[in-house]
Amino acid sequence: MNRLFGTQSNAFKPNINDVISSTEQQIQNIDKKIDKYAAELLKLRQKLKNSSFGASRILKSQALALLHQKKIYEQQKMNLQQQLLNMEHTALAADQIKNTAAIITVMKNTNKTFQGQRFKISEIEKIQDNMEDLLDEMDQANSLLARPYDLNQVDETELEAEFEALEDIDLEIESGIPSYLEGIEELKENEEKIEHVEAIF
């Protein structure tokens, strides 16, 4: 028997989403049939307006039969729509159950992770103290590196002497003839005197 029909474990297990899709397709097919019957009933109604008494009885009988079939399909459609609604609610509930189970699993795993990791406050304090010491050493090193180099050492007495010399130059400029030009002015005066004497003789 198992060779012919298979075991129960190999039986087809329908998926609710597949069943929902199949039901929706059935409803669409029934809608097409209902529309078809509605169109035929409309044609018969037009014929009844222009038919004789005998023909109208036949057409009316056909119309009632079509209407009966249309009502049957409409009832089937209502039943399928109700089934579809129930399945959609079931699928939604199944998704919620899956989400809840996933959340519980994550919470359990997180709890295990936290339980497996214990922190010692004393070790954290020691690390913090070491970091503070390192930062202090870095500050001291940066202060040393930022210290300027005294490459041009100048005696203050030399600076004062140079400053006084600048003051003397300023005074000479104000008097009109700097000291280093006084000799040149005397030479010019002597040359002018010699030229004047030569011109006389």
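The structure this text deals with has already been given above.
Residues numbered from 1 in each chain as written. Predicted model: local features only at pLDDT ≥ 70, side-chain atom pairs only at ≥ 80, totals over all residues. Heavy atoms only, no water.

Chemist: Which residues make up the pattern of salt bridges, and what values do they have?
Modeler: For side chains bearing opposite charge, pairing can occur when the charged atoms are close. Under the defined criterion, the tally for this structure stands at 3 salt bridges. Bridged by salt links that share partners, the residues Lys-70, Lys-71 and Glu-74 form one connected network. (Salt bridge = Lys/Arg side-chain N within 4 Å of Asp/Glu carboxyl O.)

Chemist: Any chance you could break down the packing of aromatic side chains for me, citing the residues and the numbers?
Modeler: The geometry of an aromatic ring pair is captured by the separation of the ring centres together with the interplanar angle, meaning the angle of the planes. Following the criterion strictly, the structure yields 1 aromatic pair and no others. Ring centres of Tyr-37 and Tyr-73 lie 5.7 Å apart, and the angle between their planes is 25 degrees; on these two criteria the pair is classed as stacked. With Tyr-37 in helix α2 (residues 16-49) and Tyr-73 in helix α3 (residues 53-116), this pair connects stretches of sequence that are 36 residues apart. (Phe/Tyr/Trp six-rings, centres within 6.5 Å; stacked < 30°, edge-to-face > 60°. Helix = DSSP H or I, 4+ residues; strand = E, 2+ residues; numbered from the N terminus.)

Chemist: Describe in detail a nonpolar patch on the surface, supporting the description with residues and values.
Modeler: Judged by side-chain polarity, Ile-127, Met-131 and Leu-134 come together as a nonpolar surface patch covering roughly 290 Å² of accessible area. Checked against the element boundaries, Met-131 lands in helix α4 (residues 121-145). (Patch = residues over 30% accessible without salt bridge, like charges linked within 9 Å, V, L, I, M, F, W, Y side chains within 5 Å. Areas by Shrake-Rupley, 256 points an atom, 1.4 Å probe, with all protein chains shown as cover.)

Chemist: Please set out the side chain of Thr-23 residue by residue, giving values where relevant.
Modeler: In this structure, Thr-23 sits in helix α2. Of the polar contacts made by the side chain of Thr-23, one reaches the backbone oxygen of Val-19; its length is 2.8 Å. Residues in contact with Thr-23, not counting those within four places in the same chain, are Leu-80, Leu-84 and Met-87. (Polar contact = N/O pair within 3.5 Å; in protein donor to acceptor, adjacent residues only side chain to side chain. Contact = heavy atoms within 4.5 Å.)

Chemist: So what's going on with the nonpolar core? Which residues, and what values?
Modeler: It is characteristic of soluble globular proteins that their nonpolar side chains tend to be buried jointly. By size, the foremost hydrophobic cluster in this structure holds 15 residues, and its most contacted members are Ile-20, Ile-30, Leu-44, Leu-66, Tyr-73 and Leu-84. Those elements that place two or more of their residues in this core are α2 and α3. It is α3 that contributes the most residues to this core, 8 residues altogether. The residues touching Leu-44, leaving out its near neighbours within four places in the chain, are Leu-59, Gln-62, Ala-63 and Leu-66. (Core = buried A, V, L, I, M, F, W, Y, C linked by side-chain atoms within 4.5 Å. Buried < 20%, exposed > 50% of the residue type's maximum accessible area, 1.4 Å probe, protein only.)

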